[in-house]
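# Geometric and topological summary
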Amino acid sequence: MEARKLPTNTPFSEARREFDGLMTALVSVECLKMTHSELEALIETQGREVLRKLLEEHLAQRGGGQATEPVVGEDQVLRTHQRRRPVNLVSTLGEVTVERVGYGQRDVDSRFVLDAELNLPPDSYSLGLRRKVAYEAAKGSFDDAVEAVRQATGVAVPKRQAEELARRAAVDFDAFYEQRSLGDKSPTSEVLVITTDGKGISMRHDSLRPATQKAAEERRPRLEKRRSKGEKTATRRMAQVAAVYTIAPYVRSAEDVAGTLGPSAIAPEHKPPARPRPEHKRVWASVNSEAWDVIDAAFEEAHRRDPSRQKRHVVLVDGGEHQLEGVLLACGRARTHVTVIVDVIHVLEYLWGASTALHGEGFPETEAWVTERLLRLLRGQVSGVAAGMRRSATKRALTPERRRPIDRCADYLLKYAEYLRYDEYLAAGFPISTGVIEGACRYLVKDRMDITGARWSLDGAEAVLRLRALKASDDFDTYWAFHEQEELRRNHLERYAGKAIPKTKNSSKSGRKPNLSIVP
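Scope of this entry: the structure provided in the associated data block.

The rules behind these values
Residues numbered from 1 in each chain as written. Predicted model: local features only at pLDDT ≥ 70, side-chain atom pairs only at ≥ 80, totals over all residues. Heavy atoms only, no water. Axes fitted to C-alpha atoms, helices over the stretch in contact; angles between N-to-C directions. Helix = DSSP H or I, 4+ residues; strand = E, 2+ residues; numbered from the N terminus. Parallel < 35°, antiparallel > 145°, perpendicular 65-115°, else oblique. Left-handed = near helix turned anticlockwise from the far one by under 90°. Contact = heavy atoms within 4.5 Å. Nonpolar A, V, L, I, M, F, W, Y, C, P; charged D, E, K, R; others polar. Pairing = 2+ DSSP bridges. Phe/Tyr/Trp six-rings, centres within 6.5 Å; stacked < 30°, edge-to-face > 60°. Lys NZ or Arg CZ within 6 Å of the ring centre and 35° of its normal. Buried < 20%, exposed > 50% of the residue type's maximum accessible area, 1.4 Å probe, protein only. Right-handed = clockwise from strand over helix to strand, strands pointing away.

## Some points on the packing of helix α15 (residues 382-395) against helix α16 (residues 400-415)
Here α15 crosses α16 at 160°, and the two axes come no closer than 9 Å. Here α15 lies roughly antiparallel to α16, going by the angle between them. By crossing handedness, the relation of α15 to α16 is classed as left-handed. Of the residues in α16, those in contact with Val 382, Ser 383, Val 385, Ala 386, Met 389, Arg 390, Ala 393 and Thr 394 of α15 are Arg 403, Ile 406, Asp 407, Cys 409, Ala 410, Asp 411, Leu 413 and Leu 414. Considering only residue class, the contact of α15 with α16 consists of ten nonpolar, two polar and four charged.

Now the structure itself:
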């Protein structure tokens, strides 16, 4: 079969020629001998070229963006001088050339109306290709992201460029969530939960906080090849992780909870109902912002979701003094009533330490002691548990060193008793463990940022954390629509008088004028 000969001036003649060439190849003797995988590769490669030609020839049909009304910049200067200038665009289909008309004037920079009409980026990478890079960078290493984009599109993006594209892709993260409100969404459950924690990231030296930089400079390792036990590298910077979600009340008994936290002889009085799942969960992390700012942002997110304070607000923390202090300060700044709960799993670790000091490690008596004290804590007997373990240590005449974990546990229980009212929390149906934020720390930070040997720059780490947060919160697609609108605004609309793109011959014919719309 011979390819049809088309006039070179017909629309999409090059694309038609490529397509006809592919059709001719598919009925050739060589193709009839191919395996299905070889055919797939042929069609994918040549078919991609057909699509690239379609894009390039469509852009050529736009006529360069000939304006049908005066072109006036934001500087109020009328630009009357016209000059055609091509620009290369690397798209998901390959590289294409865009011919466009520039409007200029002496001593001022030009305006390319077609660039605005197409929402072209200021550099050569298309928004579609940027999206693919950003999405893949959120999933794995930049090496893997570059390879995944190449496999999917045939376009080779250098690693350094991929890192820069990821940074640019995340710039509208804060603005996206500030303009979004969930208050008018479909009804959600009555318990609104805020939870937060910190997780360290290995950073480049110039991206560490000043105190950590100083510690790294003063560090004198004992061995040359490896760290000794207990030695710190002083190369980590804390990322603050936060999550906000709503959840249905889940009323349980002390026995229900005690029976799920490990082997226990305590039987629940009844089979508890199915555990409800978090709704509209949003998780995020920042290594650039101060911990207090992230916690404040979590309270602001809760306010956007429940501006009239109709829900019961709960804050879950792991019991660390730094985290709890930040939460309590944020409560005061937010001027809203919340129930602060210390994670029961964190308390359980203190109980295990005390029990090991009393009974030794790995004995049935050790586990039985923990189970019994946990049950009593869940019934609200905090001071009794603390006093009882001190008496046991005194009766056994334990040495100061051996009884230290017991005193530490008792001190902890008494210090945070106000936030350990588990009997009240269970009756109200509140969550009492920080599984959601622990999962967020693992997904957002550990699984991606702890790649062996990785040392992050501040901007690079922040961008990847934001992209992973969008993906984990199921907001990536909505965010990207908002991001493209913001790109149009800052790259194009703000460069024209009245922030309005002049009409072109094509936009005049269709009656279409690019503008911004609100992303719900």
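Further notes follow.
## Side note on the sheet that holds strand β10 (residues 339-342)
Backbone hydrogen bonds hold the strands of a sheet together, and the pairing may be parallel or antiparallel. The five strands lie next to each other as β8-β7-β6-β9-β10, forming an open sheet whose pairing is mixed. Whereas interior strands pair on both sides, the edge strands pair on one side only; in this sheet they are β8 (279-286) and β10. Within the sheet, the average angular offset between the axes of one strand and its neighbour, ignoring direction, is 20°.

## Structural notes on the packing of aromatic side chains
Following the criterion strictly, the structure yields nine aromatic pairs and no others. Taken together, Phe 173, Phe 176, Tyr 177, Tyr 479 and Phe 482 form an aromatic cluster joined through their ring pairs. Over the aromatic face of Phe 112 sits the side chain of Arg 100, whose NZ or CZ is 3.8 Å from the ring centroid.

## A look at the sheet that holds strand β5 (residues 108-112)
Pairing is antiparallel across the open sheet formed by three strands, whose spatial order is β3-β4-β5. Each having just a single partner strand, β3 (81-91) and β5 make up the two edges of the open sheet. Across the sheet, the mean angle from the axis of one strand to that of its neighbour is 40°, orientation sign disregarded. The pairing of β3 with strand β4 (residues 94-105) spans eleven bridges and is antiparallel. Its bridge partner lying in β4, Arg 83 is registered against Gly 102.

## Concerning the pairing of β10
Residues of β10 alternate between two faces, with Thr 339 and Ile 341 on one and Val 340 and Val 342 on the opposite face, all of them buried. The pairing of strand β9 (residues 312-317) with β10 spans four bridges and is classified as parallel. When the bridges of β10 are listed, Leu 316 appears paired with Ile 341. Once the chain exits β9 it traverses helix α12 (residues 321-334) before rejoining the sheet at β10, and the crossover so formed is right-handed.

## Digging into the environment of Thr 478
Relative to the helices and strands, Thr 478 resides in helix α20 (residues 476-491). Separated by 302 residues in the primary sequence, Thr 478 and Phe 176 place their C-alpha atoms 9.1 Å from one another.

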